[in-house]
Amino acid sequence: VLDKTKAQFTAACSPPDATAPLGPTPRPLRAHGSSQARCSASRFHSPVRRETPSPRPYKMLRTLLRRRPPPTQQERHVATLILLRHGQSVWNGATATFTGWCDVALTSRGRSQAREAGELLRSKGYDKKLSACFTSELERAWETAEICLEAIKADVSIERDWRLNERHYGSVQGICKGDAALQSYFGEEEIKKWRRSMHGKPPPLDESHPHYLPDPAPRTESLADCQSRVLQCFEDTIKPRLFEKPKQCVLIAAHSNTLRALMAHVDGVPDDEVPQLHVPNSVPILYRFDEETQQLASHKLGAENAPDSHARWLLSSRNLERLRSAVQPGGQLTRALFDALDEDGDRSLSVKEIEAGIKRLLGDDVVVAGVVKNIVRGLDLADDATITLEEFEAAANAVANDVFNEAEKARARRTEKRHELAREAARAVAERRRRAVGEERILERVR
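What you see is a predicted model, and the numbers here were worked out from it, not measured in a lab. (Residues numbered from 1 in each chain as written. Predicted model: local features only at pLDDT ≥ 70, side-chain atom pairs only at ≥ 80, totals over all residues. Heavy atoms only, no water.)

On to the overall build of the protein, then. On a plain count of helices and strands, the protein comes out with 15 helices and 9 strands. Put simply, the protein has 447 residues, and 41% of those count as buried. For the protein, the share of sequence-separated contacts (at least 6 apart) that also reach a separation of at least 24 residues comes to 73%. Taken as a whole, the protein presents about 25600 Å² of accessible surface, with 52% of it coming from carbon and sulfur. (Helix = DSSP H or I, 4+ residues; strand = E, 2+ residues; numbered from the N terminus. Buried < 20%, exposed > 50% of the residue type's maximum accessible area, 1.4 Å probe, protein only. Contact = heavy atoms within 4.5 Å. Areas by Shrake-Rupley, 256 points an atom, 1.4 Å probe, with all protein chains shown as cover.)

Below is the structure:
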């Protein structure tokens, strides 16, 4: 195209050949010097300029080059991993028991929690995004998955895998965590080592134990053992499904230690802080991955000098109420916070323990960060003072009530605003109808 355009431009700029006729052959003139002849002469000379090739092709070429579509940017596809702990089971709550591989059922409240989680995911549009669901072989997990999928209304099959089962607690399975005989026999330090370390494990059970199960069930497990099999399941089964197609969304309905181990691997939490991760019942936890790099796509949330997390919790007014009950005296969250802060296990907290524990917890659980900060501010302890569990629960209850009351007021304000908008819309409709009726009456009078 450039060569052809250049030739046309050169021809246009070169002087005309003297022997060549200038333009088309003129028609014969009837009378020399007449007005008709002058008109014909003007017609004879004017086509010379019109027949000359113009340099416009260069301009056209430049225009075409300018109009070239910009290079298309490749669309960024994101894969979503949703972690969901099962709803409340019969061994959760006030009768907290070492459950492990014991196959206990959900309570009516636990089923309601699973349904709420599904409805929340559906309200966020995951009914059209969900592509796979994995769960464990234990009833409380796969029943949560079934109820959740039914509420989401997603046509997805559930795949069970024993490697997603809860951590095995060995010979203490089926025993209440606060059992006095258990505390006196093993001692608080040993029990704390089982629960608050990656490598501590309870004594193994044998075939005479009432909760003994054959292989592949282990005899006992540490949190590191549990993490090993969970990551094996994730790498072999779940991760290929997560990245096999664009925009995949995978749900894992499992247990607290199972999900805690997976979250620690994804976020790179140090081993000594993994047991401090809090996983509440039936609150969806989201991780987003870039499909091209298979790396986390969302930025980290956390505090300075604390482990950061890429997780995003889906909160609603319903699971906010569940968090409210969790910080009441005797609630799971308050007890978990106290145990996490109580480094020496003496059932009392010093200022140094609280300060050190807060730095760890704020990065692990961004949802309760505000509550924890306000608890510490409300305590107003001296440097050498200590606080008991009862005092900590009372302070947490007072702070949590203030926090949740503010949340309820904000929710009430949003509800009132929606109602006011609805009333304004109704008034506008009534005004349009009134004007239409008035116009019809005027037209009738005119007729």
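Let us look at the pairing of strand β2 (residues 132–135). Moving residue by residue along a regular strand, the side chains alternate between the two faces of the sheet. Of the two faces of β2, both are covered, the one formed by Ala-132 and Phe-134 as well as the one formed by Cys-133 and Thr-135. Two strands pair when backbone bridges link them, and β2 and strand β4 (residues 249–254) are joined in this way by 4 bridges, in the parallel orientation. Within β4, the residue paired with Ala-132 across the bridge is Val-250. For β2 and strand β3 (residues 158–160), the ladder comprises 3 bridges, and the chain directions are parallel. What sits directly across from Thr-135, in β3, is Arg-160. Handedness of the β2-helix α6 (residues 139–152)-β3 crossover: right-handed. (Pairing = 2+ DSSP bridges. Right-handed = clockwise from strand over helix to strand, strands pointing away.)

So, about the nonpolar core. The nonpolar side chains of soluble globular proteins are, as a tendency, buried together. Counting residues in hydrophobic clusters, the biggest one holds 35 residues, and the most contacted among them are Leu-81, Leu-83, Ile-238, Ile-252, Leu-262, Ile-285 and Tyr-287. At the level of elements, β1 (78–85), β2, α9 (223–242), β4, α10 (256–267) and β5 (285–290) are the ones that each hand at least two residues to this core. In terms of residue count, the dominant contributor to this core is α9 (9 residues). Setting aside residues no more than four positions away along its own chain, Leu-81 makes contact with Phe-234, Ile-238, Leu-242, Val-250, Ile-252, Ile-285, Leu-286, Tyr-287 and Phe-289. (Core = buried A, V, L, I, M, F, W, Y, C linked by side-chain atoms within 4.5 Å.)

Let's shift gears to α9. Look at α9: only 25 Å from first C-alpha to last across 20 residues, short of the 28 Å you get at 1.5 Å a residue. At Phe-234, α9 shows its maximal kink, close to 40°. Each element contacted by the buried residues of α9 is listed here: β1, β2, β4, α10 and β5. (Expected span 1.5 Å × (residues − 1). Bend = angle between axes of the 7 residues up to and from the residue.)

Let's shift gears to the side chain of Arg-229. Secondary-structure assignment places Arg-229 in helix α9. Contact partners of Arg-229, with chain neighbours within four places excluded, come to Trp-101, Trp-162, Arg-163, Leu-164, Asn-165, Glu-166, Arg-167, His-168 and Glu-221.

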